[in-house]
Amino acid sequence: MHRRPPLPEFRPPSTPKIMSDQANLTIHNPSVFSYEYSSAEITMKNDPDYIQVGWTVNPIYYKGDLTTRMFIYTETARESCYNVDCPGFVLVRSDIPVDSVLTPFYEPRGPFSNVDFFIFQDTTIQNWWLKIGHDEEPIEFWPGQIFTSLSKSGSHVECGGEVYHDPATPGSTQMGSGFMPSKHVATNSYCYSFVIVNEDVKVVLVRDTEAYSDNGDWYGIEDKIVPKHGGDTNIVIEFEHIVIYGGRQNYSLSYE
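Position numbers for residues count from 1 along each chain, tracking the sequence in the order it is written. At least 70 in pLDDT is required for a residue's local features to be given in this predicted model, at least 80 for side-chain atom pairs to be given and counted, and no such filter applies to totals for whole chains, interfaces and linings, which use all residues. The side-chain numbers reported here are obtained from all heavy atoms of the structure, hydrogens and water having been left aside.

## Concerning the confidence of the model for the protein chain
Averaged over every residue, the pLDDT of the protein chain is 78; the share at 70 or more is 74%. Every residue carries a pLDDT, the predictor's confidence in it, which falls somewhere between 0 and 100. A helix here means a DSSP run of H or I that spans at least four residues, while a strand means a run of E at least two residues long, and both kinds are numbered starting from the N terminus. Predicted confidence in the protein chain is weakest over strand S1 (residues 9-11), with a mean pLDDT of 43, and strongest over strand S4 (residues 49-57), with 95.

Rendered as C-alpha coordinates:
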(Lines give C-alpha, C1' and ligand atoms only; values in the text may rest on other atoms or scores of the structure.)
Protein backbone atom coordinates (compact mmCIF):
# COMPACT_ATOMS: atom_id res chain seq x y z
CA MET A 1 0.00 0.00 0.00
CA HIS A 2 1.19 3.50 -0.79
CA ARG A 3 2.57 5.41 2.17
CA ARG A 4 3.48 9.07 2.37
CA PRO A 5 5.90 10.65 4.85
CA PRO A 6 4.31 11.53 8.20
CA LEU A 7 3.00 15.08 8.49
CA PRO A 8 3.87 16.16 12.04
CA GLU A 9 6.61 14.05 13.53
CA PHE A 10 8.75 14.17 16.66
CA ARG A 11 12.42 13.41 16.18
CA PRO A 12 14.70 13.16 19.20
CA PRO A 13 18.37 13.67 18.41
CA SER A 14 20.32 10.75 17.03
CA THR A 15 22.36 8.71 19.48
CA PRO A 16 24.98 6.08 18.53
CA LYS A 17 22.51 3.28 19.31
CA ILE A 18 18.87 3.38 20.41
CA MET A 19 17.63 0.15 21.95
CA SER A 20 14.07 1.06 23.00
CA ASP A 21 11.33 3.59 22.36
CA GLN A 22 8.23 4.15 24.51
CA ALA A 23 5.36 6.65 24.37
CA ASN A 24 1.73 7.10 25.39
CA LEU A 25 -0.73 8.09 22.64
CA THR A 26 -4.19 9.56 23.18
CA ILE A 27 -6.81 7.70 21.14
CA HIS A 28 -9.08 9.45 18.63
CA ASN A 29 -11.45 8.64 15.79
CA PRO A 30 -10.68 11.24 13.09
CA SER A 31 -13.02 11.75 10.16
CA VAL A 32 -11.72 10.28 6.90
CA PHE A 33 -13.17 9.36 3.52
CA SER A 34 -13.06 5.87 2.03
CA TYR A 35 -9.83 6.56 0.10
CA GLU A 36 -7.92 8.14 3.02
CA TYR A 37 -6.35 7.16 6.33
CA SER A 38 -5.27 8.93 9.51
CA SER A 39 -2.88 7.50 12.11
CA ALA A 40 -0.87 8.26 15.24
CA GLU A 41 2.30 6.29 15.84
CA ILE A 42 5.74 5.90 17.29
CA THR A 43 8.52 4.87 14.92
CA MET A 44 11.88 3.17 15.44
CA LYS A 45 14.21 3.77 12.47
CA ASN A 46 17.57 2.85 11.09
CA ASP A 47 17.40 3.42 7.33
CA PRO A 48 16.30 1.64 5.24
CA ASP A 49 14.39 -0.19 8.00
CA TYR A 50 11.69 1.04 10.33
CA ILE A 51 8.94 -0.21 12.64
CA GLN A 52 5.76 1.75 13.38
CA VAL A 53 3.13 0.99 16.03
CA GLY A 54 0.09 3.00 17.04
CA TRP A 55 -3.55 3.45 16.06
CA THR A 56 -5.20 4.15 12.71
CA VAL A 57 -8.51 4.82 10.97
CA ASN A 58 -7.87 3.21 7.60
CA PRO A 59 -10.87 2.30 5.42
CA ILE A 60 -8.48 1.52 2.54
CA TYR A 61 -6.79 -1.34 4.36
CA TYR A 62 -9.81 -2.41 6.46
CA LYS A 63 -12.24 -2.31 3.50
CA GLY A 64 -14.53 0.52 4.59
CA ASP A 65 -14.19 0.05 8.36
CA LEU A 66 -13.98 3.47 10.07
CA THR A 67 -13.25 2.29 13.62
CA THR A 68 -9.99 3.16 15.37
CA ARG A 69 -7.68 0.15 15.44
CA MET A 70 -4.23 -0.66 16.69
CA PHE A 71 -1.73 -1.36 13.91
CA ILE A 72 1.88 -2.16 13.15
CA TYR A 73 3.76 -1.34 9.98
CA THR A 74 7.08 -2.90 9.00
CA GLU A 75 9.48 -1.57 6.36
CA THR A 76 12.63 -3.44 5.34
CA ALA A 77 14.96 -3.25 2.35
CA ARG A 78 13.00 -6.11 0.74
CA GLU A 79 9.33 -5.49 1.58
CA SER A 80 6.79 -3.53 3.59
CA CYS A 81 3.43 -4.45 5.08
CA TYR A 82 0.73 -3.79 7.65
CA ASN A 83 0.18 -6.09 10.61
CA VAL A 84 0.95 -9.73 9.72
CA ASP A 85 0.70 -9.40 5.93
CA CYS A 86 4.36 -10.25 5.30
CA PRO A 87 6.60 -12.96 6.76
CA GLY A 88 8.94 -12.30 9.64
CA PHE A 89 6.52 -10.87 12.19
CA VAL A 90 5.93 -13.41 14.99
CA LEU A 91 2.89 -13.28 17.29
CA VAL A 92 3.44 -14.77 20.73
CA ARG A 93 -0.02 -14.03 22.17
CA SER A 94 -3.49 -14.59 20.75
CA ASP A 95 -5.47 -12.54 23.29
CA ILE A 96 -4.37 -9.14 21.89
CA PRO A 97 -4.81 -8.97 18.09
CA VAL A 98 -2.51 -6.49 16.36
CA ASP A 99 -5.61 -4.85 14.82
CA SER A 100 -7.58 -4.59 18.09
CA VAL A 101 -10.38 -1.99 18.16
CA LEU A 102 -9.54 0.97 20.42
CA THR A 103 -12.41 3.08 21.79
CA PRO A 104 -11.82 6.81 22.31
CA PHE A 105 -13.56 8.65 25.15
CA TYR A 106 -13.39 12.27 26.30
CA GLU A 107 -14.76 14.64 28.88
CA PRO A 108 -14.19 18.39 29.08
CA ARG A 109 -10.83 18.92 30.80
CA GLY A 110 -10.22 15.14 30.63
CA PRO A 111 -9.89 12.26 31.18
CA PHE A 112 -8.63 10.89 27.87
CA SER A 113 -8.43 7.37 26.55
CA ASN A 114 -4.81 6.48 25.85
CA VAL A 115 -2.47 3.55 25.37
CA ASP A 116 1.25 2.91 25.95
CA PHE A 117 3.42 1.43 23.19
CA PHE A 118 6.88 0.06 23.98
CA ILE A 119 9.34 -1.18 21.31
CA PHE A 120 12.61 -2.65 22.57
CA GLN A 121 15.47 -4.81 21.32
CA ASP A 122 16.81 -8.00 22.86
CA THR A 123 20.50 -7.29 22.34
CA THR A 124 21.44 -10.97 22.73
CA ILE A 125 19.58 -12.26 19.66
CA GLN A 126 18.74 -8.84 18.11
CA ASN A 127 14.97 -9.35 17.95
CA TRP A 128 12.68 -6.33 18.37
CA TRP A 129 9.73 -6.80 20.77
CA LEU A 130 6.43 -4.96 21.27
CA LYS A 131 4.56 -4.40 24.53
CA ILE A 132 1.14 -2.75 24.80
CA GLY A 133 -0.25 -0.96 27.85
CA HIS A 134 1.03 -1.99 31.27
CA ASP A 135 1.20 -5.69 30.43
CA GLU A 136 4.69 -7.04 31.10
CA GLU A 137 4.40 -9.83 28.52
CA PRO A 138 5.23 -8.81 24.91
CA ILE A 139 2.61 -9.54 22.26
CA GLU A 140 4.99 -10.15 19.33
CA PHE A 141 8.48 -9.72 17.93
CA TRP A 142 10.35 -8.97 14.70
CA PRO A 143 13.34 -11.30 14.10
CA GLY A 144 16.50 -9.25 13.73
CA GLN A 145 17.53 -11.08 10.55
CA ILE A 146 14.69 -9.56 8.48
CA PHE A 147 16.35 -6.13 8.76
CA THR A 148 19.41 -4.62 7.11
CA SER A 149 20.35 -1.91 9.64
CA LEU A 150 17.73 -2.16 12.38
CA SER A 151 19.13 -5.57 13.36
CA LYS A 152 22.03 -3.67 14.99
CA SER A 153 20.04 -0.90 16.71
CA GLY A 154 17.80 2.07 16.05
CA SER A 155 19.34 5.37 14.98
CA HIS A 156 16.43 7.74 15.64
CA VAL A 157 12.79 7.69 16.71
CA GLU A 158 9.65 9.65 15.87
CA CYS A 159 6.26 10.29 17.42
CA GLY A 160 3.27 12.09 15.93
CA GLY A 161 0.46 11.89 13.39
CA GLU A 162 0.19 10.93 9.73
CA VAL A 163 -2.53 11.28 7.09
CA TYR A 164 -2.98 10.18 3.51
CA HIS A 165 -5.55 11.80 1.24
CA ASP A 166 -6.38 11.90 -2.43
CA PRO A 167 -4.45 14.74 -4.14
CA ALA A 168 -7.77 15.86 -5.64
CA THR A 169 -9.20 16.59 -2.16
CA PRO A 170 -6.35 18.20 -0.22
CA GLY A 171 -6.96 18.95 3.43
CA SER A 172 -10.06 16.78 3.74
CA THR A 173 -8.58 14.41 6.34
CA GLN A 174 -8.56 15.01 10.09
CA MET A 175 -5.44 14.22 12.10
CA GLY A 176 -5.71 13.16 15.74
CA SER A 177 -8.64 14.96 17.38
CA GLY A 178 -9.13 17.05 14.24
CA PHE A 179 -8.07 20.27 15.97
CA MET A 180 -4.88 22.29 15.69
CA PRO A 181 -2.81 22.37 18.90
CA SER A 182 -4.31 24.89 21.32
CA LYS A 183 -4.57 25.86 24.99
CA HIS A 184 -7.82 23.88 25.27
CA VAL A 185 -6.66 20.59 26.75
CA ALA A 186 -9.79 18.64 25.78
CA THR A 187 -9.35 19.31 22.05
CA ASN A 188 -5.69 18.28 21.73
CA SER A 189 -4.03 15.06 20.57
CA TYR A 190 -0.95 14.01 22.53
CA CYS A 191 2.14 11.86 22.39
CA TYR A 192 3.65 11.95 25.87
CA SER A 193 5.77 10.06 28.44
CA PHE A 194 8.29 9.71 25.64
CA VAL A 195 11.32 7.60 26.65
CA ILE A 196 14.30 6.29 24.67
CA VAL A 197 17.10 4.07 25.99
CA ASN A 198 20.64 3.75 24.61
CA GLU A 199 23.03 0.80 24.32
CA ASP A 200 24.21 1.30 27.91
CA VAL A 201 20.61 0.77 29.10
CA LYS A 202 20.40 4.40 30.18
CA VAL A 203 17.50 6.74 29.52
CA VAL A 204 18.49 9.37 26.95
CA LEU A 205 17.60 12.92 27.92
CA VAL A 206 15.75 14.14 24.85
CA ARG A 207 17.07 17.52 23.72
CA ASP A 208 17.17 19.55 20.50
CA THR A 209 14.19 17.79 18.97
CA GLU A 210 12.96 18.53 15.47
CA ALA A 211 9.24 19.11 14.87
CA TYR A 212 8.12 18.70 11.26
CA SER A 213 4.90 19.34 9.34
CA ASP A 214 4.72 19.45 5.56
CA ASN A 215 1.54 21.57 5.64
CA GLY A 216 1.39 24.04 8.50
CA ASP A 217 -1.86 25.58 7.22
CA TRP A 218 -3.83 22.38 7.79
CA TYR A 219 -1.87 20.47 10.44
CA GLY A 220 0.18 21.55 13.41
CA ILE A 221 2.62 20.17 15.95
CA GLU A 222 4.10 21.54 19.16
CA ASP A 223 6.85 19.97 21.24
CA LYS A 224 6.52 21.14 24.85
CA ILE A 225 8.80 20.40 27.78
CA VAL A 226 6.81 20.20 30.99
CA PRO A 227 7.72 19.39 34.62
CA LYS A 228 6.84 16.09 36.24
CA HIS A 229 6.07 16.17 39.96
CA GLY A 230 6.97 13.60 42.58
CA GLY A 231 4.06 11.84 44.25
CA ASP A 232 1.64 14.18 46.03
CA THR A 233 4.22 16.94 46.42
CA ASN A 234 4.86 20.01 44.32
CA ILE A 235 8.53 19.15 43.91
CA VAL A 236 9.59 18.86 40.28
CA ILE A 237 11.55 15.62 39.89
CA GLU A 238 12.19 15.70 36.13
CA PHE A 239 10.97 17.10 32.83
CA GLU A 240 9.32 15.35 29.91
CA HIS A 241 8.24 16.10 26.38
CA ILE A 242 4.60 16.33 25.39
CA VAL A 243 3.99 16.40 21.65
CA ILE A 244 0.68 18.04 20.69
CA TYR A 245 -0.46 17.52 17.11
CA GLY A 246 -3.58 17.51 14.92
CA GLY A 247 -5.62 19.61 12.57
CA ARG A 248 -8.00 20.19 9.67
CA GLN A 249 -11.10 21.04 11.65
CA ASN A 250 -12.95 24.16 10.50
CA TYR A 251 -13.94 25.30 13.98
CA SER A 252 -12.59 25.23 17.53
CA LEU A 253 -14.03 24.36 20.92
CA SER A 254 -13.79 26.25 24.18
CA TYR A 255 -14.82 25.40 27.71
CA GLU A 256 -15.73 27.93 30.39
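## Describing the sheet that holds strand S6 (residues 80-82)
Pairing within the open sheet is antiparallel, and its five strands lie in the order S6-S5-S4-S3-S11. A strand with exactly one partner marks an edge of an open sheet, and here the two such strands are S6 and strand S11 (156-164). For this sheet, the mean angle separating the axes of adjacent strands, direction not counted, is 20 degrees. Here S4 runs beside strand S5 (residues 69-75); their pairing, made up of seven bridges, is antiparallel. Across the sheet, the residue bridging to Gly 54 is Phe 71, located in S5. Pairing between two strands requires that DSSP report at least two bridges joining them. Only the contacting stretch of a helix is used when fitting its axis, a line to C-alpha atoms as for every element, and angles between N-to-C directions run 0 to 180 degrees.

## Some words on the pattern of salt bridges
Within this document, salt bridges are pairs made up of a side-chain nitrogen of Lys or Arg and a carboxyl oxygen of Asp or Glu, the two lying within 4 Å of each other. All chains considered together, the criterion is met by three salt bridges. A salt bridge links Glu 158 to Lys 45; its shortest N-O distance comes to 3.3 Å. With a gap of 113 residues between them, Glu 158 in strand S11 and Lys 45 in strand S3 (residues 37-46) connect regions that are remote in the sequence. Pair check on accessibility: Glu 158 and Lys 45 agree, each one buried. Note that Asp 95 is salt-bridged to Arg 93, the shortest N-O span being 2.6 Å. Here's how the labels work: a residue is buried when its accessible area is under 20% of the maximum for its type, exposed when over 50%, partly exposed in between, all with a 1.4 Å probe on protein chains only.

## Comments concerning the side chain of Ser 177
Along the chain, Ser 177 falls in the loop between S11 and strand S12 (189-198). Here, two residues are considered to be in contact whenever any of their heavy atoms come within 4.5 Å of each other. Apart from the residues lying within four places of it in its own chain, the contact partners of Ser 177 are His 28, Thr 187, Asn 188 and Ser 189.

## Describing the nonpolar core
In these notes, a set of buried Ala, Val, Leu, Ile, Met, Phe, Trp, Tyr and Cys residues joined through side-chain atoms within 4.5 Å is what counts as a nonpolar core. With 38 residues, the main nonpolar core has Ile 42, Val 53 and Trp 142 as its most contacted residues. Every residue in contact with Trp 142, bar those within four places of it in the chain, is listed here: Ile 51, Val 53, Ile 72, Thr 74, Gly 88, Phe 89, Asn 127, Trp 128, Trp 129, Leu 130 and Phe 147. Formed by six residues, the second largest nonpolar core is a distinct cluster that contains Tyr 37, Tyr 50, Tyr 62 and Tyr 82.

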